Amino acid sequence: MFDLRDLYMQVIVDHNKAPRNFGVLKAYNHDADGYNPLCGDKLHVYVNVNDDDIIEDISFEGEGCAISVASASLMTEALKGKSVSEFPATFNDFQHMVTADIAEEPDEEALGKLAVLAGVREFPSRIKCAVLCWHTMKSAVEDSHKVAVTE
Amino acid sequence: MFEIEKIRGDFPILTQQVYGKQLAYLDNAATTQKPQSVIDAISHYYECDNSNVHRGVHALSERATAEYEGARKIIAAFFNARSEREVIFTRGTTEAINLIATSWGSANIKAGDEILITHMEHHSNIVPWQMLCERTGAVLKVAPINDDGELIIEAFDELLSERTKLVGAVHMSNALGTINPIADIIRKAHAVGAKTLIDGAQAAAHLAVDVQALDVDFYVTSAHKMYGPTGIGVVIGKENILAAMPPYQGGGDMIRMVTFEKSEYNDLPYKFEAGTPHISGAIGFGKAIEYIENIGFDAIGKREKELLAYATAKAEAFEGLRQIGTAKEKACVLSFVLDSVHPHDLGTIVDREGVAIRAGHHCAMPVMQFFKVPATARASFSVYNTESEIDALFAALKTAQDIFA
Ligand SMILES: Cc1ncc(COP(=O)(O)O)c(C=O)c1O
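Residues numbered from 1 in each chain as written. Chains lettered and ligands numbered in written order. Predicted model: local features only at pLDDT ≥ 70, side-chain atom pairs only at ≥ 80, totals over all residues. Heavy atoms only, no water.

Chain B is annotated in an unreviewed UniProt entry as Cysteine desulfurase from Mariprofundus micogutta. According to the UniProt record, the Sequence similarities (unreviewed entry) comment for chain B is "Belongs to the class-V pyridoxal-phosphate-dependent aminotransferase family. Csd subfamily." Under the Catalytic activity (unreviewed entry) heading, UniProt states for chain B: "(sulfur carrier)-H + L-cysteine = (sulfur carrier)-SH + L-alanine". (UniProt positions renumbered as here; feature names shortened; annotations may be inferred.)

Looking at an unreviewed UniProt entry, chain A carries the name Nitrogen fixation protein NifU and related proteins, with the source organism given as Mariprofundus micogutta. Checking UniProt for chain A, the heading Sequence similarities (unreviewed entry) contains the comment "Belongs to the NifU family."

What follows is the structure in structure tokens.
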């Protein structure tokens, strides 16, 4: 069985305490709101995409549980400098990792540091916390102007 | 004599382990567990008596009808209703309030009228009134609460006027544990000519309720928070008011005579019970009430006070814990936040220690907004809980703090 400390690994606790890329960007051209009504998690994601379609800068604000804050923090680190066209694939990789069978090892090569969140698979009620930021990012880059939810 | 081991033995679910730890079920405000007598009554109904009520002339239907109506008698006596005609089965508290807001509301509320509720209501005693106000142009007024989570009576008095047509108040708050002074509220509402609805979803398993002594117009509750099954609850309403209300839903059972030109409605309580009811649910509800009566409210109240006092003392001594809801009159609920751990993380961590609590907004988002928290963790106690389960909770809280230290 998965241990709690595998979910709340040092990396997650650390990103929760000191989230990276936290706050509003000075200049941004995409943004979106995300909301998880079940636990009241609220996120806002800001993205600045340059003419070459590269995510030049990305940040988030909001409040939520450790999983949602750490996931958003890790996501901003993972996406900064990547091209927008790569986003759907990364989104799918992440989504797959957190919903895959427990026995399946996360693809660390594709996911990098994001793999620390693989543990949420063991905690079905917490998967939404981990994916909220990704859905919010999707709304932002698609300019959908809809509040992202995880359903 | 209150024998905790005997009481715990009545609830088969409590002996189990989760994640290799002894279960400590402290989520009783969400739903209570069911004693063997309730489980047996429901199985017995399906094994021996299952059939439809009020229609068959055969033996099974007669038995099912007798048991279903027998449950109504038990419930009527428990709440001291004037007669069984005042006991209307619904799916639960939520449907009960919707029934009143729709049926009574559509016949009695017009533009400019006011509905007065409190800031500590469950969403089910907010949203149906908002919907009614939207339909009719009536205005929803909200009586404020103080920092302890108590109704501010002076402010309530000021909001009450001859424009107020209905006062809706929760008897015991699920998010805070606050017990409202409902006798006072009802008397004051009646003084301005308003009707009263008391949401007894939390209270009915913990406090004795006498609808005649209270003179309440509508008292509503859910069986599943009273050791009974889900999917069944009641409106206890004054007969003269119910008789004057239009039906809520149309269909079988609620009519006496149907032609294509016109239908004649059935008498109370059937006028409000369209369709095949939740027969086994009603039977289980009756048994659950007998279970409560066998222990008795004196013993229940005494025991639950002890548990809350024990938990509250531990909470006060726990560093970094802030209680949400510190009313003088409260019961069974310890709602709190920790300064270093989000309630949702807390819920997950204590769950792995075998402790079941609720983390979230408890369907009372305005309460969260008032206390400026996104959510709280809530432990809620029942007559079968023990001090050692509360110890397990606080040990688990310590584990959570250590993880985030
Ligand atoms: C105070 C209060 N009112 C109403 C309800 C709604 O009850 P139900 O979901 O059984 O309809 C609840 C249950 O959560 C409650 O605690």
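So that's the structure; there's more coming.
This paragraph deals with the overall build of chain B. If you tally the helices and strands in chain B, you get 14 helices and 17 strands. Seen along its three principal axes, the alpha-carbon backbone of chain B occupies a region of about 75 × 55 × 35 Å. For chain B, buried positions account for 57% of its 405 residues. A sequence separation of at least 24 residues applies to 71% of the contacts in chain B between residues at least 6 apart. With the model as given, the accessible surface of chain B reaches about 15900 Å², and the carbon-plus-sulfur share is 53%. Charge centroids of chain B, computed over 37 positive and 51 negative side chains, lie 3 Å from each other. (Helix = DSSP H or I, 4+ residues; strand = E, 2+ residues; numbered from the N terminus. Buried < 20%, exposed > 50% of the residue type's maximum accessible area, 1.4 Å probe, protein only. Contact = heavy atoms within 4.5 Å. Areas by Shrake-Rupley, 256 points an atom, 1.4 Å probe, with all protein chains shown as cover. Lys, Arg positive; Asp, Glu negative; His and termini not counted. Charge placed at Lys NZ, Arg CZ, Asp CG, Glu CD.)

This next bit is on the overall build of chain A. Helix and strand counts for chain A come out as six helices and three strands. Put simply, chain A runs from its N terminus to its C terminus through helices and strands in the order α-α-β-β-β-α-α-α-α. Taking 2.2 N^0.38 as the reference for a compact globule, 151 residues should give roughly 15 Å; the C-alpha atoms of chain A span a radius of gyration of 14 Å, in line with that estimate. Projected onto the principal axes, the alpha-carbon positions of chain A cover approximately 45 × 30 × 30 Å. Within chain A, buried positions represent 51% of all 151 residues. (Rg over C-alpha atoms; globule rule 2.2 N^0.38 Å.)

Let's shift gears to the side chain of Asp199 of chain B. All names here are of chain B. Mapped onto the fold, Asp199 is located in strand E8 (residues 195-199). Buried charge without a partner: Asp199 forms no salt bridge, and the closest opposite charge is Lys225, 8.3 Å away. In contact with Asp199, other than residues within four places in its own chain, are Thr93, His122, Ser124, Asn125, Ala169, Val170, His171, Met172 and Val220. (Salt bridge = Lys/Arg side-chain N within 4 Å of Asp/Glu carboxyl O.)

Residues and elements named next belong to chain A. As paired elements, strand E2 (residues 41-49) and strand E3 (residues 55-63) share eight bridges and run antiparallel to each other. The residue of E3 that forms the bridge with Val45 is Phe60. Between E2 and E3, which pair antiparallel one after the other, the connecting turn spans five residues, and Asp53 there sits at a positive phi close to 70°. (Pairing = 2+ DSSP bridges.)

Here we come to the environment of Ile390 of chain B. All names here are of chain B. In this structure, Ile390 sits in helix H14 (residues 387-403). Exposure remark for Ile390: the relative accessible area of 0% places this residue in the buried category. Counting along the chain gives 83 residues from Ile390 to Leu307, while the straight-line C-alpha distance between them is 8.2 Å. Ignoring sequence-local partners within four residues, the contact set of Ile390 consists of Leu307, Tyr310, Ala311, Lys314 and Phe381.

We now examine the domain arrangement of chain B. Residue and element names in this part refer to chain B. In terms of domains, chain B is made up of domain 1 (4-30 + 296-404) and domain 2 (39-293). Computed from C-alpha coordinates alone, the two centres of domain 1 and domain 2 are separated by 28 Å. On the domain 2 side, the residues contacting the 36 residues of domain 1 number 34 residues. Its largest share of buried area at the contact with domain 2, domain 1 owes to Phe297, Cys363 and Phe370, together 22% of the area lost on that side. Across the domain 1-domain 2 interface, the total number found is zero salt bridges. Taken together, the connections running from domain 1 to domain 2 amount to 20 residue pairs in polar contact (both at pLDDT 80 or more). When its residues are assigned to classes, the side of domain 1 that touches domain 2 shows 23 nonpolar, seven polar and six charged. (Domains from an automatic or database assignment. Buried area = accessible area lost by both parts, 1.4 Å probe. Polar contact = N/O pair within 3.5 Å; in protein donor to acceptor, adjacent residues only side chain to side chain. Nonpolar A, V, L, I, M, F, W, Y, C, P; charged D, E, K, R; others polar.)

Take the sheet that holds E3 of chain A next. All names here are of chain A. Taken in spatial order, the three strands of this open sheet run E1-E2-E3, and their pairing is antiparallel. Unpaired on one side and paired on the other, strand E1 (30-36) and E3 mark the two borders of the sheet. The mean inter-strand angle of the sheet, taken between neighbouring strand axes irrespective of direction, is 15°. Where helix H3 (residues 66-79) meets the sheet, its contacts fall on E2 and E3, and the angle it forms with E3 comes to roughly 175°. (Axes fitted to C-alpha atoms, helices over the stretch in contact; angles between N-to-C directions.)

All names here are of chain B. With respect to spatial proximity, the complete set of residues near the ligand consists of Thr93, Thr94, His122, Ser124, Val170, Asn174, Asp199, Ala201, Gln202, Ser222, His224 and Lys225. Within the backbone of Thr93, a nitrogen or oxygen atom sits 3.4 Å from an oxygen atom of the ligand. In the environment of the ligand, an oxygen atom lies 2.7 Å from a nitrogen or oxygen atom belonging to the side chain of Ser222. Protein burial of the ligand: of its 390 Å² of free accessible surface, 85% is covered by the chains. Here the residues of the shell around the ligand are counted per class, giving two nonpolar, eight polar and two charged. (Near = heavy atom within 4 Å.)

The partner chain B presents 17 residues to the 25 residues of chain A that form the contact. For the pairing of chain A and chain B, the buried interface totals around 1600 Å² over both sides, and the portion due to carbon and sulfur atoms is 59%. Where chain A meets chain B, there are two salt bridges. In this structure, Arg352 of chain B and Glu122 of chain A form a salt bridge, with 3.6 Å as the shortest nitrogen-oxygen distance. For the pair chain A and chain B, the number of links is eight residue pairs in polar contact (both at pLDDT 80 or more).

Turning our attention to the pairing of strand E9 (residues 218-222) of chain B. All names here are of chain B. For E9, the tally of buried residues reaches five of five residues, placing the bulk of the element in the interior. Burial along E9 is two-sided: Phe218, Val220 and Ser222 facing one way and Tyr219 and Thr221 facing the other are all buried. When E9 meets strand E10 (residues 233-237), the two strands line up antiparallel, connected through five bridges. For Val220, the partnering residue across the bridge sits in E10 and is Val235.

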